[in-house]
Amino acid sequence: MSRHRTAALVGNPNAGKSALFNALTGARQKIANYPGVTVERKAGRLTLPSGEPLELIDLPGSYSFDAASPDEDVTRKVVHGEFEGEALPEVLVLVLDAANLEQHLVFAQEVLELGRPTVVALNMVDLAERDGLTLDAAALSAALGVPVIPTVAVRRKGLDELCAAIAEAESHADEEAHKRWHITLPERRLAAKHMARAAILSASARHTIENGVDRVLLNPWIGPVILFGLLFVIFQAVFAWATPFADALEGAVGAISGWVVDIMPDGFFRDFLTEGVLAGVGSVVVFLPQIVILFFFILVMEATGYMARAAFLMDRLMAGVGLSGKSFIPLLSSFACAIPGIMAARSIPDPKDRLTTILVAPLMTCSARLPVYAVIIAAVIPETTLGPGIGLQGLVLFALYLAGIVGALVVALVLRNTLAKGAASGFIMEMPRYQMPRIRDLAIGLWHRAYVFLRRAGTIIFVATIALWLMLSFPKAEPGESQLDASVAGMVADGLHPVLEPIGFNREMSLALIPAMAAREVAVSALATTYAVDAEDEDLAAEGVTDRIAALWTLPTALAFLAWFVFAPQCISTIAVARRETNGWKWPTFMVVYLFALAYAFAGLTFWIATAAGL
């Protein structure tokens, strides 16, 4: 019995191939894996207008025949007839997204270069019309030299015409196609742009405006300036907008602490509430406004479609240090928390790219560092205005975030030229439409972020703070003796302090680094608890941690502490996730060692330079 003729659906990811495959084959499908790989093979039976059955194969989405993933490798081999046990398809059905025509036409030219019987399914024309585009299928057909059939797979529009074109494709194959299409990638991109423009009969004002905005925001020179200008504004707002709310929360915590002192007798339980819970956990909770404002901007950037454009701009920079553009999303996620960022690195196909991304993810400034930065900056950096809307405190915060980004890029460059040597791979992503953010979605997103922050304050931070308070409170000091000197925590600080003293750290700072390994924010509560327990009288104990740091720390010491937290390893949970994602302790150990080394070196350099400069 002779086998059925075959046709293969080929095209970019998100072109609607699977929807078209389902519409053409219905329930007559067979799903398995290609031999020797874990890539899914989907095949179904299509009945042509003549009644002849045809086997239709849904190939994995691909951006190029220069395969960068197992999926793309399978597509290339099947289309070229190089996959053992898989017949060469007689007809190729090239599926294009009508709303993203220019991008999809780049790969289309590679397919047409083969000179094989090909039919183009111009899919999702309804979405293109929704975006204000009216396309000329005949003009596109003339430019490509093959039949172009407009389709809407989910509504079964154009399927009969597509089946008829597939049946006649072999009789219209262009044997000389390879002479016309054998061009380089830059030439294909230029040709795709011209063909896409020629195929557009009309475009709405909105589409024209959005294209004009993209020409500015994605410009290789103007775009990065706008991006970093926006980030600068965000960090200015984190301080300027949050100050009234943070002051109100700090006043509320102080009032509650004073109320507890007034109504409760002196003793263990009152000290537990005032020095442990309120001084420790309360010192972290007051930074909730900064967290909410930061994530407000992030959520707005995502909802409007600008975040994808920021990824496009950063891809050029990351490629310069050997990182794949696919690393951007995991590293971007690490600004919220390194744990989901490291887990998101699973999507990177190249193992060395993936390893490098995991190792540098902790250098992205996660939201847990923000309370540490905020309290130190508020304590030692004056509220100086450098110009209209430009404050010195916001500028310092921006510099800290920028230092983390630069540090990650430099470390990635070193790793990609030594331990994880390799070339950067390409990165293609589709730009979403611009749209106004929905207030409800923003509110839900902000509530979720606030809940996560407060949950950490009520669990990890609470437990670590109370444990430190107990270590600071016992054994009790003799008359005239400092409680810190007499306590168990003081003994621990005495052991660690000689190592950190050369880089400007005092005993309280040295002690705060230990519980901060549970969660970065604990450093703030640890300092607050330490100063509260060691206070000589109740008035001094009632002072906020910001006031105590301002009174006791020098500027070089504070700057060294900030430099430490730019580079120091993140929480224990991050290290545990890195171990799971790398299947062992080798790379997490390396990550912890190099991060501690960087933190020590840069904290020391900051302290020594600031001291020498007389700051």
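The sections below set out a description of the structure shown in this document.

Criteria and thresholds
- Residues numbered from 1 in each chain as written.
- Predicted model: local features only at pLDDT ≥ 70, side-chain atom pairs only at ≥ 80, totals over all residues.
- Heavy atoms only, no water.
- Helix = DSSP H or I, 4+ residues; strand = E, 2+ residues; numbered from the N terminus.
- Buried < 20%, exposed > 50% of the residue type's maximum accessible area, 1.4 Å probe, protein only.
- Contact = heavy atoms within 4.5 Å.
- Areas by Shrake-Rupley, 256 points an atom, 1.4 Å probe, with all protein chains shown as cover.
- Lys, Arg positive; Asp, Glu negative; His and termini not counted.
- Charge placed at Lys NZ, Arg CZ, Asp CG, Glu CD.
- Patch = residues over 30% accessible without salt bridge, like charges linked within 9 Å, V, L, I, M, F, W, Y side chains within 5 Å.
- Salt bridge = Lys/Arg side-chain N within 4 Å of Asp/Glu carboxyl O.
- Core = buried A, V, L, I, M, F, W, Y, C linked by side-chain atoms within 4.5 Å.
- Axes fitted to C-alpha atoms, helices over the stretch in contact; angles between N-to-C directions.
- Left-handed = near helix turned anticlockwise from the far one by under 90°.
- Nonpolar A, V, L, I, M, F, W, Y, C, P; charged D, E, K, R; others polar.
- Pairing = 2+ DSSP bridges.
- Right-handed = clockwise from strand over helix to strand, strands pointing away.
- Expected span 1.5 Å × (residues − 1).
- Phe/Tyr/Trp six-rings, centres within 6.5 Å; stacked < 30°, edge-to-face > 60°.
- Lys NZ or Arg CZ within 6 Å of the ring centre and 35° of its normal.

A closer look at the overall build of the chain
Right, so step 1: Counting its regular elements, the chain contains 30 helices and 11 strands.
Right, so step 2: The burial tally for the chain puts 51% of its 615 residues in the buried class.
Right, so step 3: For the chain, contacts bridging at least 24 residues in sequence account for 73% of all contacts bridging at least 6.
Right, so step 4: Accessible surface for the chain amounts to roughly 27,500 Å². Of this, 63% is attributable to carbon and sulfur atoms.
Right, so step 5: A distance of 9 Å separates the average location of the 46 positive side-chain charges in the chain from that of its 58 negative side-chain charges.

Side note on a negative patch on the surface
Right, so step 1: Together, Asp247, Glu250, Glu383 and Asp547 make up a region of like negative charge exposed at the surface.
Right, so step 2: Mapped onto the elements of the fold, aspartate 547 is located in helix 27 (residues 545-552).

Observations regarding the pattern of salt bridges
Right, so step 1: Enumeration according to the criterion identifies 16 salt bridges in this entry.
Right, so step 2: Among the salt bridges present, the one from arginine 188 reaches glutamate 110, with a minimum N-O distance of 3.8 Å. Taken together, the residues arginine 188 in helix 8 (residues 185-198) and glutamate 110 in helix 3 (residues 101-112) connect sequence positions 78 residues apart. We note that arginine 188, like glutamate 110, is buried.
Right, so step 3: Through salt bridges with shared partners, a single network forms among Asp73, Arg76, Lys77 and Glu82.

As for the nonpolar core
Right, so step 1: Counting residues in hydrophobic clusters, the biggest one holds 121 residues, and the most contacted among them are Phe505, Ile549, Phe561 and Trp564.
Right, so step 2: The element best represented in this core is helix 19 (residues 392-416), accounting for 11 residues.
Right, so step 3: In this structure isoleucine 549 touches Val375, Ile376, Ala379, Val380, Leu527 and Tyr531, once residues within four positions along its chain are discounted.
Right, so step 4: Listed in part, the 36 residues of the second largest apolar core include Leu92, Leu133, Val152 and Ala192.

Thoughts on the packing of helix 13 (residues 288-304) against helix 20 (residues 439-458)
Right, so step 1: As a packed pair, helix 13 and helix 20 sit with axes 9 Å apart at the nearest point and diverge in direction by 140 degrees. Helix-helix and strand crossings are classified by hand; for helix 13 and helix 20 the assignment is right-handed. Across the interface between the two elements, Leu288, Ile291, Val292, Phe295, Phe296, Leu299 and Val300 from helix 13 touch Leu442, Gly445, Leu446, Arg449, Ala450, Phe453 and Leu454 from helix 20.
Right, so step 2: When grouped by side-chain class, the residues that make up the contact of helix 13 with helix 20 number 12 nonpolar, 1 polar and 1 charged.

Observations concerning unusual backbone geometry
Glycine aside, residues mostly have negative phi angles, and peptide bonds mostly take the trans form.
Right, so step 1: A cis amide bond links phenylalanine 474 with the next residue in sequence, proline 475, at an omega value of -10 degrees.
Right, so step 2: With respect to the element layout, proline 475 can be found in the loop between helix 21 (460-473) and helix 22 (483-486).
Right, so step 3: The phi torsion at asparagine 583 lies on the positive side, around 60 degrees, for a residue other than glycine.
Right, so step 4: Relative to the helices and strands, asparagine 583 resides in the loop between helix 29 (572-582) and helix 30 (586-612).

Considering the pairing of strand 1 (residues 5-11)
Right, so step 1: When you tally the buried positions in strand 1, you get 7 out of 7 residues, the bulk of the element.
Right, so step 2: Residues Arg5, Ala7, Leu9 and Gly11 of strand 1 are buried on one face, and the alternating residues Thr6, Ala8 and Val10, pointing to the opposite face, are buried as well.
Right, so step 3: Pairing of strand 1 with strand 4 (residues 53-58) involves 5 bridges; the strand directions are parallel. Its bridge partner being in strand 4, arginine 5 is matched across the sheet by leucine 54.
Right, so step 4: Sheet analysis places strand 1 next to strand 5 (residues 91-97), joined by 5 bridges and oriented parallel. When the bridges of strand 5 are listed, alanine 7 appears paired with valine 91.

Description of the pairing of strand 5
Right, so step 1: A large share of strand 5 lies buried, amounting to 7 of its 7 residues.
Right, so step 2: Here strand 5 shows a buried face lined by Val91, Val93, Val95 and Asp97 and a second buried face lined by Leu92, Leu94 and Leu96.
Right, so step 3: Here strand 5 pairs with strand 6 (residues 118-123) via 6 bridges, running parallel. What sits directly across from aspartate 97, in strand 6, is asparagine 123.
Right, so step 4: Crossover connection from strand 5 via helix 3 to parallel strand 6: handedness right-handed.

Section: helix 21
Right, so step 1: Look at helix 21: 20 Å from first C-alpha to last across 14 residues, which is about the 20 Å you get at 1.5 Å a residue.
Right, so step 2: Taken together, the buried positions of helix 21 are occupied by Ile461, Ala464, Thr465, Ile466, Leu468, Trp469, Leu472 and Ser473.
Right, so step 3: As for helix 21, its buried residues are in contact with helix 12 (268-285), helix 20, helix 22, helix 23 (488-500), helix 24 (507-513) and helix 25 (522-533).

A word on the side chain of serine 367
Right, so step 1: Mapping serine 367 onto the fold places it in the loop between helix 17 (351-360) and helix 18 (370-380).
Right, so step 2: If near-sequence neighbours (up to four positions away) are discounted, serine 367 is found in contact with Ile291, Phe295, Phe335 and Ala336.

Comments concerning a nonpolar patch on the surface
Right, so step 1: Taken together, the side chains of Val216, Trp221, Ile222 and Ile226 present a nonpolar region at the surface, about 420 Å² in accessible area.
Right, so step 2: Inspection of the secondary structure assignment puts isoleucine 226 in helix 10 (residues 222-240).

Quick notes on the environment of glutamate 302
Right, so step 1: Looking at the secondary structure, you find glutamate 302 in helix 13.
Right, so step 2: For glutamate 302, a relative accessible area of 45% corresponds to the partly exposed category.
Right, so step 3: It is 8.6 Å that separates the C-alpha atoms of glutamate 302 and proline 437, two residues lying 135 residues apart in sequence.

Structural notes on the packing of aromatic side chains
Right, so step 1: A full pass over the atoms with the stated rule returns 21 aromatic pairs.
Right, so step 2: Measuring from ring centre to ring centre gives 5.7 Å for phenylalanine 505 and tryptophan 564, while their planes differ by 65 degrees; the resulting arrangement is edge-to-face. Taken as a pair, phenylalanine 505 in the loop between helix 23 and helix 24 and tryptophan 564 in helix 28 (residues 555-567) lie far apart in primary sequence, 59 residues in all.
Right, so step 3: One aromatic cluster is present, formed by Phe232, Phe235, Phe335, Tyr373, Phe398 and Tyr401 through successive ring pairs.
Right, so step 4: Sitting over the face of the ring of tyrosine 434, arginine 309 holds its NZ or CZ atom 3.9 Å from the ring centroid.
Right, so step 5: For lysine 476, the ring lying beneath its charged end belongs to phenylalanine 474, and the centroid distance is 5.3 Å.

All quantities given are derived from atomic positions and should not be read as evidence of function.
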